[in-house]
Amino acid sequence: MIFANIDVSHLDFKSLPYKITDQNDTWPKHLIPVEGRGITQYFESQPESWEPYPGFQEIMDSLFHPYVDSFVNRQEPGQYYAPHTDKFERMRKRFGVKVKDCLRIMIFLEDWQMGHYFEIGKKPFTDWKAGDIMAIPPNVVHLSMNGGWTQKYTWQIQGLRKDFKVDMSKLI
């Protein structure tokens, strides 16, 4: 599912103003303690929100035009995001489209480190490189976790499939 690699070395993603986002609706509460359910994100859908952070907007525009939402996740050691499929609720409401019309891509912002893990469609991913880009197709179950010692950073950009600027045959 990794289909390209781009240079992300110039992005200052560690200084973004992250906020903890509760993910309590994603998994059975009796299985996972509340401390592990959140994820720390910088989530913005307005282009001007990215202006103070050079380089992000140019990459977003090179992949989707227009893009709809973009967010950087900082996953702390011990945090995990349970198996789920993306619902694309904001895009479906805003554009009157179906889930199959939406697409999310994920960019790994640092090289893989011990304990960092991502799984999509029952296929585990490790050993990624900074800048590797992966498509997360609609209705495909995926999960993310950080069982390591260091923070894990990923960047998600989502938009309508028809606005994606990369040859779709490379993705699925």
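In every chain, residue numbers begin from 1 and rise along the written sequence. Confidence filtering applies because this is a predicted model: local features only for residues at pLDDT of at least 70, side-chain atom pairs given and counted only at 80 or more, and all residues used for totals across whole chains, interfaces and linings. Excluded from the side-chain calculations are hydrogens and water; all other atoms, namely the structure's heavy atoms, are used.

S.K.: I would appreciate a short explanation of helix 1 (residues 56-63) in the present structure.
M.R.: Residue pairs three or four apart in sequence face the same way in an α-helix, which turns once every 3.6 residues. The complete set of buried residues in helix 1 reads Phe56, Gln57, Ile59, Met60 and Leu63. One side of helix 1 holds all its buried residues, which, seen down the axis, span an arc of 165 degrees. Three labels apply to residues, based on accessible area from a 1.4 Å probe with only protein chains included: buried if under 20% of the type maximum, exposed if over 50%, partly exposed otherwise in between. A run of DSSP states H or I qualifies as a helix once it reaches four residues; a run of E qualifies as a strand once it reaches two. Both are numbered from the N-terminal end. Along the arc lie the directions from the helix axis toward the C-beta atoms.

S.K.: When you look at empty space enclosed by the protein in this model, what are you seeing that I'm missing?
M.R.: Using only the protein atoms, space was sampled on a 1 Å grid; points where a 1.4 Å probe fits but cannot get out form cavities, open sets with protein on both sides within 12 Å along at least five of seven lines form pockets, and lining residues are those with an atom within 4 Å of a point. Grid points are joined across faces, edges and corners, and a volume is the space filled by probe spheres set on the points. All told, the structure shown has one cavity of 30 Å³ or more when counted by the stated rule. Roughly 30 Å³ of internal volume is contained in the largest cavity. Around the largest cavity sit Glu110, Asp111, Gln113, His116, Trp128, Gln151, Lys152 and Tyr153, which together line it. Amino acids are sorted into nonpolar (Ala, Val, Leu, Ile, Met, Phe, Trp, Tyr, Cys and Pro), charged (Asp, Glu, Lys and Arg) and polar (every other residue, Gly among them). Residues of the lining of the largest cavity, tallied by class, amount to two nonpolar, three polar and three charged.

S.K.: I'm lost on the nonpolar core in this one. Help?
M.R.: Each nonpolar core is a collection of buried residues, namely Ala, Val, Leu, Ile, Met, Phe, Trp, Tyr and Cys, held together in the definition by side-chain atoms within 4.5 Å. Grouped together as the largest cluster of nonpolar side chains are 26 residues, with contacts concentrated most on Phe56 and Trp155. Top element by residues in this core is helix 1. It accounts for four residues. The contact criterion used throughout is that any non-hydrogen atoms of two residues lie within 4.5 Å. Leaving out residues up to four positions away in the same chain, Phe56 has contacts with Leu11, Asp12, Phe13, Leu16, Trp50, Val72 and Trp155. Counting eight residues, the second-largest nonpolar core is a separate cluster that includes Phe118, Ile120, Phe125 and Ile136.

S.K.: Hey, could you run me through the pairing of strand 6 (residues 102-108) in this one?
M.R.: If a strand is regular, its side chains alternate between the two faces of the sheet. Among the seven residues that make up strand 6, seven are buried, leaving the element largely enclosed by the rest of the structure. A pair of strands is treated as paired once DSSP finds two or more bridges between them. Looking at chain direction, strand 6 and strand 11 (residues 152-160) are connected through seven bridges and run antiparallel. Counterpart to Leu103 in the pairing with strand 11 is Gly159. In the sheet, strand 6 pairs with strand 9 (residues 132-136) via four bridges, with the strands oriented antiparallel. Across the sheet, Met106 pairs through a bridge with Met134, a residue of strand 9.

S.K.: What should I look at first to understand the pattern of salt bridges in this one?
M.R.: Pairs can form between side chains of opposite charge once their charged atoms are near each other. Basic side-chain nitrogens of Lys or Arg form a salt bridge, by our definition, when they fall within 4 Å of a carboxyl oxygen of Asp or Glu. Applying the stated criterion to the full structure yields six salt bridges. As a salt-bridge pair, Glu110 and Lys14 come within 3.0 Å of each other at their nearest N and O atoms. Here the residue Glu110 occupies a position in the loop between strand 6 and strand 7 (116-120), and Lys14 occupies one in the loop between strand 1 (2-5) and strand 2 (19-21), the gap between them amounting to 96 residues. Residue classification places Glu110 among the buried residues on the basis of a relative accessible area of 19%. With relative accessibility at 48%, the residue Lys14 sits in the partly exposed group. Among the salt bridges present, the one from Asp101 reaches Lys100, with a minimum N-O distance of 3.7 Å. Since its relative accessible area comes to 27%, Asp101 is described here as partly exposed. Its relative accessible area of 55% is what places Lys100 among the exposed residues.

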